[in-house]
Amino acid sequence: MTTVLIGLSLRGPIVGIPPLIGRIGAELELTGTAAGLITSLPLVCFAVGSPLVALLARRLGLDRTLLVALVVLGLAVALRPWGGLPLLLAGTVLVGLAITVGNVLLPVLVRRDAGGRTKGVMAASTSSYGLGAALAAAVAVPMAGSLGWRGATASLAVLVALALVMWLVRMRRGATGPGGAGSGRGRAGGVGASGAGPAGSAASAPAATSATSGTAAGSAAAAGAERSVWTMPSAWWLALFFGLQAALFYSVSAWLPPMLVDEAGVSEATAGTAVSLFHLLGILGTLAVPAMLSWFGDARRVGLIIAAGWVVLLLGVVLLPGTWLLWVVVGGVAQGAGIGLGLTLVAVRPVDVDYGRSLSAMVQGAGYGLAAVGPVLIGWLASSTDGWALPVTVLVAAAVALGLAGLFAGNERPIGVPRG
């Protein structure tokens, strides 16, 4: 429940701004560049801040780091609308950095505390991202009508406050804590149907075998303990998968409405409804990830199916625009499954919690760095060519690359060597 509440708080402060950007821009007399900066700053913070989160968590501990992040997030969301542009931008930077901490540490928290239920809990927690985003987008305009845009955006701090209260209660109960019970360094489980990968097999190996190989294993651990996750090819494949799915998500979220207007001839209101549906269906896709892993028995197969869903959406809108609703449904489920699978792999593939912090920070830092390029590149291509053929071609190529990256990212071999 606590991780779900935290997840609800990690997207609303971002997606609650774009529906009100016209009102904000008119009152603050913003240029188009300044208005765009408000919506793009959090993504830049994800890329820049993610690699630093593991260092912060190692110094403060996971629980206290999340506590600080929730406090900063709540204050920044509540206070940033009540001044001019400088306060709004500074508050947005703090929002982005606080959400970065949640992005990186939520999979680690689930891995640490969920045990054999990691995949199911990760799916529920990740689906709350989409629910929080859909809720914020849905209430932004109605609330602005009665409270004004400042009150509407500040009210998003309510969800953060609820998550903070639940987290404080959890900490007081002593259910978790660095070095305490529940902070474990359990080996990573596999990502196939059984949930028991190489680490599980190692745990059940006969004692005699373990004794025979003890010296070699100790040498490997000693050599690997100092090896940075940034030098591991397996980690980079996972970062590439995560970055490509994020680039596709943010690019399509930004440019699907004008694409539908141009290609399918729908109204702007209908295009906006289509994007809302796209986000809502992502919840279904995220929740389906554990079942997909069970049905298909291998994360690599699931990655290929997700990539195919993106291709269907992109080509469908351009080649058969009359049935755009079908393509949006397929794409919505695919995008939810993509983020769900990406975060599940971040949660289960590190060999222990120590590597989990480093891997999550590395994957999300590099991944969001790649994702930040997507919307800008697609917008530039669309305006330069005055059409959608080239932008869609680039996005389809990214979807194909996503499937290829998934073949390596979905490997069951744990990433890293246990420390200590």
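Coordinates for the structure precede this section.
Quick look at the structure, then.

1. Considering the overall build of the protein chain
Here is step 1: Of regular secondary structure, the protein chain possesses 17 helices and zero strands.
Here is step 2: A buried classification covers 52% of the 420 residues belonging to the protein chain.
Here is step 3: The contacts of the protein chain with a sequence gap of at least 6 include a subset with a gap of at least 24, amounting to 85%.
Here is step 4: Element-wise, carbon and sulfur atoms account for 70% of the exposed surface of the protein chain, whose accessible area totals about 17100 Å².

2. So, the environment of V330
Here is step 1: Mapped onto the elements of the fold, V330 is located in helix α15 (residues 324–348).
Here is step 2: Measuring from C-alpha to C-alpha, the distance between V330 and G282 comes to 9.7 Å, with 48 residues separating the pair along the chain.
Here is step 3: Leave out the neighbours within four places in its chain, and V330 touches G309 and V312.

3. Section: unusual backbone geometry
Here is step 1: The phi angle at D386 is positive, at roughly 55°, despite the residue not being glycine.
Here is step 2: By secondary structure assignment, the location of D386 is in the loop between α16 (353–385) and α17 (389–409).

4. Notes on the packing of helix α6 (residues 85–114) against helix α7 (residues 118–154)
For any two helices packed against each other, the geometry is given by the interaxial angle and the distance between the axes.
Here is step 1: Packing of α6 against α7 brings their axes to within 9 Å, and their N-to-C directions diverge by 150°. Considering the angle they form, α6 stands roughly antiparallel to α7. Crossing handedness for the pair α6 and α7: right-handed. Along the contact surface, α6 presents G102, N103, L106, P107, V110, R111 and A114, while α7 presents T118, V121, M122, S125 and Y129.
Here is step 2: Of the residues contributing to the contact of α6 with α7, the split by class is seven nonpolar, four polar and one charged.

5. A closer look at empty space enclosed by the protein
To find leftover empty space, one rolls a probe the size of a water molecule over the atoms.
Here is step 1: With the rule as written, the count across this model stands at four cavities of 30 Å³ or more.
Here is step 2: By volume, the largest cavity amounts to about 40 Å³.
Here is step 3: If you trace the largest cavity, you find it lined by G16, L20, A136, V139, A140, M143, A152, T153, S155 and L156.
Here is step 4: Grouping the amino acids of the lining of the largest cavity by side-chain chemistry returns seven nonpolar, three polar and no charged.

6. A look at the environment of T385
Here is step 1: Its location among the elements puts T385 in helix α16.
Here is step 2: The contact partners of T385, leaving out residues within four places of it in the chain, are L390 and P391.

7. Considerations on a nonpolar patch on the surface
Here is step 1: Taken together, W237, L240, L304, L370, V400, L404, L407 and F408 make up a surface patch of nonpolar side chains, about 650 Å² in accessible area.
Here is step 2: Tracing the sequence through the fold places L404 in helix α17.

8. Structural notes on the packing of aromatic side chains
Here is step 1: Enumeration according to the criterion identifies eight aromatic pairs in this entry.
Here is step 2: With a centroid separation of 4.8 Å and an interplanar angle of 55°, the aromatic rings of F46 and Y368 are classed as tilted. Of the two residues, F46 is situated in helix α4 (residues 32–60) and Y368 in helix α16; the sequence distance between them amounts to 322 residues.
Here is step 3: Classification of Y368 by relative accessible area gives buried; the value is 2%.
Here is step 4: On the numbers, 5.0 Å between centres and 75° between planes, the contact of F249 with Y250 is edge-to-face. Comparing F249 with Y250 shows no difference in burial state: the two are buried.
Here is step 5: Put simply, the rings of F249, Y250, F278 and W310 pair up and form one aromatic cluster.
Here is step 6: In this arrangement the basic side chain of R11 is found over the ring face of Y129, its NZ or CZ atom lying 4.6 Å from the centre.

9. A word on the pattern of salt bridges
Here is step 1: Within the structure shown, the criterion is met by three salt bridges.
Here is step 2: In this structure, R150 and E27 form a salt bridge, with 2.7 Å as the shortest nitrogen-oxygen distance. Of the two residues, R150 sits in helix α7 while E27 sits in helix α3 (residues 21–28), which places them 123 residues apart along the sequence.

10. Describing helix α5 (residues 62–79)
Here is step 1: The end-to-end C-alpha distance of α5, which contains 18 residues, comes to 26 Å, matching closely the 26 Å that a straight helix rising 1.5 Å per residue would cover.
Here is step 2: All buried positions along α5 are accounted for by L62, D63, T65, L66, A69, L70, L73, G74, A76 and V77.

11. Considerations on the layout of surface pockets
Here is step 1: When its volume is computed, the largest pocket comes out at roughly 1400 Å³.
Here is step 2: Considering the residues around the largest pocket, the lining is formed by 47 residues, among which V15, Y250, S253, A254 and H279 are closest to the centre.
Here is step 3: For the lining of the largest pocket, the elements supplying multiple residues, two or more each, are α2 (12–15), α4, α7, α12 (233–264), α13 (268–296), α15 and α16.
Here is step 4: Per element, the largest residue contribution to the lining of the largest pocket is 11 residues, and it comes from α12.
Here is step 5: The residue inventory of the lining of the largest pocket, partitioned by class, reads 31 nonpolar, 14 polar and two charged.

12. Quick notes on the nonpolar core
What tends to happen in soluble globular proteins is that the nonpolar side chains get buried as a cluster.
Here is step 1: Residues W310, L341 and Y368 are the most contacted members of the largest nonpolar core, which totals 104 residues.
Here is step 2: Element by element, the count of residues in this core is highest for α12, at 15 residues.
Here is step 3: Ranked by size, the runner-up nonpolar core spans 13 residues in total, among them L30, L89, A144 and W149.

Calculation criteria
- Residues numbered from 1 in each chain as written.
- Predicted model: local features only at pLDDT ≥ 70, side-chain atom pairs only at ≥ 80, totals over all residues.
- Heavy atoms only, no water.
- Helix = DSSP H or I, 4+ residues; strand = E, 2+ residues; numbered from the N terminus.
- Buried < 20%, exposed > 50% of the residue type's maximum accessible area, 1.4 Å probe, protein only.
- Contact = heavy atoms within 4.5 Å.
- Areas by Shrake-Rupley, 256 points an atom, 1.4 Å probe, with all protein chains shown as cover.
- Axes fitted to C-alpha atoms, helices over the stretch in contact; angles between N-to-C directions.
- Parallel < 35°, antiparallel > 145°, perpendicular 65-115°, else oblique.
- Left-handed = near helix turned anticlockwise from the far one by under 90°.
- Nonpolar A, V, L, I, M, F, W, Y, C, P; charged D, E, K, R; others polar.
- 1 Å grid on protein atoms, 1.4 Å probe; cavity = no way out; pocket = protein on both sides within 12 Å on 5 of 7 lines; lining within 4 Å.
- Points joined across faces, edges and corners; volume = space filled by probe spheres on them.
- Patch = residues over 30% accessible without salt bridge, like charges linked within 9 Å, V, L, I, M, F, W, Y side chains within 5 Å.
- Salt bridge = Lys/Arg side-chain N within 4 Å of Asp/Glu carboxyl O.
- Phe/Tyr/Trp six-rings, centres within 6.5 Å; stacked < 30°, edge-to-face > 60°.
- Lys NZ or Arg CZ within 6 Å of the ring centre and 35° of its normal.
- Expected span 1.5 Å × (residues − 1).
- Core = buried A, V, L, I, M, F, W, Y, C linked by side-chain atoms within 4.5 Å.

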